[in-house]
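Inside the fold
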2 protein chains.
Amino acid sequence: MLYLIGLGLSSEKDITIAGLEVVKKASRVYLEAYTSILMIEKDKLEEFYGRSIILADRELVESSSDTILSGAETDDVAFLVVGDPFGATTHTDLLLRARALKIPHRTIHNASIMNAIGACGLQLYNFGQTVSMVFFTDTWRPASFYDRVRENREIGLHTLLLLDIKVKEQSLENLIRGRKVYEKPRYMSMAECAQQMLEIENEKGEGAYSENSLAIGVSRLGSENQQFVSGTLKELSTADLGAPLHSLVLLGKRVHELEIDYIREFAIDKESFDRVFVEEHGKV
Amino acid sequence: MLYLIGLGLSSEKDITIAGLEVVKKASRVYLEAYTSILMIEKDKLEEFYGRSIILADRELVESSSDTILSGAETDDVAFLVVGDPFGATTHTDLLLRARALKIPHRTIHNASIMNAIGACGLQLYNFGQTVSMVFFTDTWRPASFYDRVRENREIGLHTLLLLDIKVKEQSLENLIRGRKVYEKPRYMSMAECAQQMLEIENEKGEGAYSENSLAIGVSRLGSENQQFVSGTLKELSTADLGAPLHSLVLLGKRVHELEIDYIREFAIDKESFDRVFVEEHGKV
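Residues numbered from 1 in each chain as written. Chains lettered and ligands numbered in written order. Predicted model: local features only at pLDDT ≥ 70, side-chain atom pairs only at ≥ 80, totals over all residues. Heavy atoms only, no water.

Here we come to the relation of the copies chain B and chain A. Expressed as a screw transformation, the operator carrying chain B onto chain A has a rotation angle of 180 degrees and an axial translation of 0.0 Å, and the superposed copies differ by an RMSD of 0.0 Å. Taken together, the turn and the small shift mark the pair as related by a two-fold rotation axis. Comparing contact sets, 100% of the residues at the interface of chain B also lie at the interface in chain A, consistent with an isologous, same-surface contact. (Least-squares fit on C-alpha atoms with pLDDT ≥ 70 in both. Contact = heavy atoms within 4.5 Å.)

Leu2, Phe79 and Ile216 of chain A together with Leu2, Phe79 and Ile216 of chain B are the most contacted members of the largest nonpolar core, which totals 94 residues. The contacts of leucine 2 of chain A, once residues within four sequence positions are left out, are Leu69, Val77, Phe79, Leu94, Leu95, Ala98, Ile103, Pro104, His105 and Arg106 of chain A. In this structure, Ile5 of chain A together with Val23, Ala26 and Ala78 of chain B belong to the second largest nonpolar core, which totals 36 residues. (Core = buried A, V, L, I, M, F, W, Y, C linked by side-chain atoms within 4.5 Å. Buried < 20%, exposed > 50% of the residue type's maximum accessible area, 1.4 Å probe, protein only.)

Before going further, it helps to examine the UniProt feature "binding site: S-adenosyl-L-methionine" (unreviewed entry) in chain A. All names here are of chain A. The positions UniProt marks with the feature "binding site: S-adenosyl-L-methionine" (unreviewed entry) are Leu9, Asp84, Gly87, Ser112, Ile113, Leu163, Leu221 and His246. Assignment of secondary structure puts glycine 87 in the loop between strand E4 (77-81) and helix H5 (92-100). Position of leucine 163 among the secondary structure elements: in strand E7 (residues 159-163). With sequence-adjacent residues up to four places away left out, leucine 163 is seen in contact with Met133, Met188, Ser189, Met190, Cys193, His246 and Ser247. (UniProt positions renumbered as here; feature names shortened; annotations may be inferred. Helix = DSSP H or I, 4+ residues; strand = E, 2+ residues; numbered from the N terminus.)

What follows deals with the interface of chain B and chain A. Facing 57 residues of chain B, the contacting portion of chain A comprises 57 residues. Around 4,700 Å² of area is buried between chain B and chain A when both sides are counted, 58% of it from carbon and sulfur atoms. Here arginine 254 of chain B and glutamate 151 of chain A are joined by a salt bridge, their closest N and O atoms 3.1 Å apart. Our count for the chain B to chain A interface comes out at 21 residue pairs in polar contact (both at pLDDT 80 or more). Of the residues forming the side of chain B that touches chain A, the biggest block, 5 residues, is contributed by helix H5 (residues 92-100) of chain B. Each residue belonging to the side of chain B that touches chain A can be placed in one class, and the counts come to 25 nonpolar, 19 polar and 13 charged. (Buried area = accessible area lost by both parts, 1.4 Å probe. Salt bridge = Lys/Arg side-chain N within 4 Å of Asp/Glu carboxyl O. Polar contact = N/O pair within 3.5 Å; in protein donor to acceptor, adjacent residues only side chain to side chain. Nonpolar A, V, L, I, M, F, W, Y, C, P; charged D, E, K, R; others polar.)

On to the packing of helix H11 (residues 257-264) of chain A against H5 of chain B. Each pair of packed helices can be described by the angle between their axes along with the distance between the axes. The geometry of H11 of chain A relative to H5 of chain B is characterised by a closest axis approach of 10 Å and an angle of 40 degrees between their N-to-C directions. By the angle between their axes, H11 of chain A is oblique relative to H5 of chain B. Crossing of H11 of chain A against H5 of chain B: the hand is left-handed. Facing H11 of chain A, whose interface residues are Leu258, Asp261 and Tyr262 of chain A, H5 of chain B presents Thr92, Asp93, Leu95, Leu96 and Arg99 of chain B. For the contact of H11 of chain A with H5 of chain B, a count of residues per class yields 4 nonpolar, 1 polar and 3 charged. (Axes fitted to C-alpha atoms, helices over the stretch in contact; angles between N-to-C directions. Parallel < 35°, antiparallel > 145°, perpendicular 65-115°, else oblique. Left-handed = near helix turned anticlockwise from the far one by under 90°.)

What follows covers the packing of aromatic side chains. For the structure shown, the criterion picks out 10 aromatic pairs over all chains. The structure contains a cluster of three or more aromatic residues connected by ring pairs, namely Phe228, Tyr262 and Phe266 of chain A. Here the basic side chain of arginine 99 of chain B rests over the ring of tyrosine 262 of chain A, its NZ or CZ set 4.4 Å away from the ring centre. The aromatic ring of phenylalanine 135 of chain B is capped on one face by arginine 186 of chain B, whose charged end is 3.9 Å from the ring centroid. (Phe/Tyr/Trp six-rings, centres within 6.5 Å; stacked < 30°, edge-to-face > 60°. Lys NZ or Arg CZ within 6 Å of the ring centre and 35° of its normal.)

A separate point is a nonpolar patch on the surface. All names here are of chain A. The grouping of Leu172, Leu175 and Ile176 at the surface amounts to a nonpolar patch, some 360 Å² of accessible area in total. Examined against the element boundaries, isoleucine 176 turns out to sit in helix H8 (residues 172-176). Look at isoleucine 176 and you get exposed, because its relative accessible area is 66%. (Patch = residues over 30% accessible without salt bridge, like charges linked within 9 Å, V, L, I, M, F, W, Y side chains within 5 Å. Areas by Shrake-Rupley, 256 points an atom, 1.4 Å probe, with all protein chains shown as cover.)

If you trace the backbone, methionine 114 of chain B turns up in helix H6 (residues 113-116). With relative accessibility at 10%, the residue methionine 114 of chain B sits in the buried group. The sequence separation of methionine 114 of chain B and aspartate 269 of chain B amounts to 155 residues, and the corresponding C-alpha distance is 27 Å. If near-sequence neighbours (up to four positions away) are discounted, methionine 114 of chain B is found in contact with Asn115, Leu124 and Tyr125 of chain A together with Leu124, Thr130, Leu160 and Leu162 of chain B.

Quick look at the pairing of strand E12 (residues 246-250) of chain A now. Residue and element names in this part refer to chain A. The buried count for E12 comes to 5 of 5 residues, which makes it a mostly enclosed element. What you see with E12 is no split at all: His246, Leu248 and Leu250 on one side and Ser247 and Val249 on the other are buried throughout. Pairing analysis gives 4 bridges linking E7 to E12, with the strands arranged antiparallel. In the sheet register, leucine 160 faces E12, and the bridge partner there is valine 249. In this sheet, E12 lies alongside strand E10 (residues 214-219) in antiparallel orientation, the contact comprising 5 bridges. Note on E12: the bridge partner recorded for isoleucine 216 is valine 249. (Pairing = 2+ DSSP bridges.)

Once that is clear, we can look at the pattern of salt bridges. One pass over the structure, following the stated rule, counts 29 salt bridges over all chains. Among the charged side chains, a salt-bridge network with shared partners connects Arg141, Glu199 and Glu203 of chain A.

Let us now look at the domain arrangement of chain A. Residue and element names in this part refer to chain A. Segmenting chain A into domains produces domain 1 (2-111) and domain 2 (114-281). Computed over C-alpha atoms, the centres of domain 1 and domain 2 are 28 Å apart. Between domain 1 and domain 2, the residue contacts involve 9 residues of the former and 13 residues of the latter. Overall, the association of domain 1 and domain 2 removes approximately 860 Å² of surface from exposure, summing both partners, and the carbon and sulfur fraction of that is 69%. (Domains from an automatic or database assignment.)

Attention shifts here to the confidence of the model for chain A. Here chain A shows a mean pLDDT of 92. Residues at 70 or above account for 96%. Our summary of model confidence lists the complex with pTM equal to 0.94 and ipTM equal to 0.94. (pLDDT = per-residue confidence, 0-100.)

As a further point, take helix H9 (residues 190-204) of chain A. For an α-helix, 3.6 residues make a turn, and residues three or four places apart therefore share a direction. All names here are of chain A. In a regular helix each residue adds 1.5 Å, so 15 residues correspond to 21 Å; H9 covers 21 Å between its end C-alpha atoms and thus fits that length. Along H9, the positions that sit buried rather than exposed are Met190, Ala191, Cys193, Ala194, Gln196, Met197, Leu198, Ile200 and Glu201. One or two steps after H9, the chain reaches glycine 205, where phi turns positive at roughly 60 degrees. (Expected span 1.5 Å × (residues − 1).)

Attention shifts here to the sheet that holds strand E5 (residues 105-108) of chain A. Residue and element names in this part refer to chain A. Read from one edge of the open sheet, 5 strands run E3-E2-E4-E1-E5, paired in parallel fashion. Each end of this open sheet is capped by a strand with a single partner; those strands are strand E3 (54-56) and E5. Each neighbouring strand pair of the sheet contributes to a mean axis angle of 25 degrees, computed without reference to strand direction. Where strand E2 (residues 28-32) lies against E4, 4 bridges are found, and the strand directions are parallel. Across the sheet, the residue bridging to arginine 28 is valine 77, located in E4. Each of strand E1 (2-6), E2, E4 and E5 is contacted by helix H1 (residues 17-25), which is oriented at about 135 degrees to E1, the strand it contacts most.

Okay, here's the thing in structure tokens:
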């Protein structure tokens, strides 16, 4: 049996009892290590599980999925994924391969940013499609997020923006020389996200949102030191939410009074929040 | 400290290690018992936790939240919620009350239908707003879901429909006579949901979807005997997915080849699936 097991958002103790039972008895345990990061180290997981873990980078999962699946017709293989196995990446390719090999599979779900974001105080019902924001470079500034944000905003919905993570990146020089030397990991901050959003709005000028649009910055969601701030995109673009991971939620029109009370509490500037809220949402 | 603790989707073992630690040490443990049901009994939870649980119905949470919060300035109180605490209901009112009383709170997240639905094989990124479908009666057939489904469909997005649950309902007679006698619980099946969707489309005739629109029926998501079927709304409207809980996903246009391969596998009728897919989505 192939088990896809979600690890949740933050600490080694966020795994479920059912998940931990499988990890303890599986013949091999892989940790998916390319679409997201846990806020803890592999060593700490190994110590907590009392066993060793094999890191599965993109290369291993994409080109050697049969290695991962080897023996899973009879033995149990655990494939651990930060958050939920069907969060940002669906791992459909691994499951299709398992199906082709007639290997049964089961998923042990867990929280991911896609549902835990409800902790910011906005109803999950009123979120539209989720979008990704990647680091802009001098030559590459993908703006497809803009149209999706606009689609959400046009029908009153909130948008969750997931922010870029660069791990195991190589410099151009190292890439050319074939040296497996990797750059320091980089995690986009919610301030950088707000800056890039404003940059693209300035260029396009189509008014999908403005520097006065209200948003919520989120950091280290699900951990004991998680943090929320609310404010305009302009305010968020210079706010510091500390260590990663960050995300950002751009508000839509569909907000209830209770929700506003809730998010106003962590406003960067409550006066500005109230003023902008009336301007943007047309009521107190 | 007030702890909001998600229980996950299915069995008593879906709680996280962190959640279980709090349950074991808290001075009181409440189980929210009105917006959703766990697929297991309270007794089984109590046995697994080794302690007793207080059922918190809507009345208790809404009118006696101070009872729940009593002593939480110094002691730990655990409030258990099936799925994630910020799934269908946000419990913002309870948190606002805690804030007013200066009681600190922390959330221990878990999987909910809102993220675990990714297990059907469709990317969570491409889901629009989530909608609720309630049981129609002779005199009450709320159709607000229709416009929201159309909004999602118009921009190519999938729609997750959460289905009505009637627990602790009273008959009109018992209600009038003030007798606290409750009807047997009722859970909407995904077939009933598909029927009601087609009924409203027939009445409105605005073409938000049709009997040929592809959808996925889901039952007992996250449990060992979870089930998926794909097919047209017409096919789903007569399919039987067994015991609750059910949900339904109406497909949008944004589907990738791998996703189609994945969901075709559990099609009620593969030939019909292929034919309709070409008609509705314009390619194989």
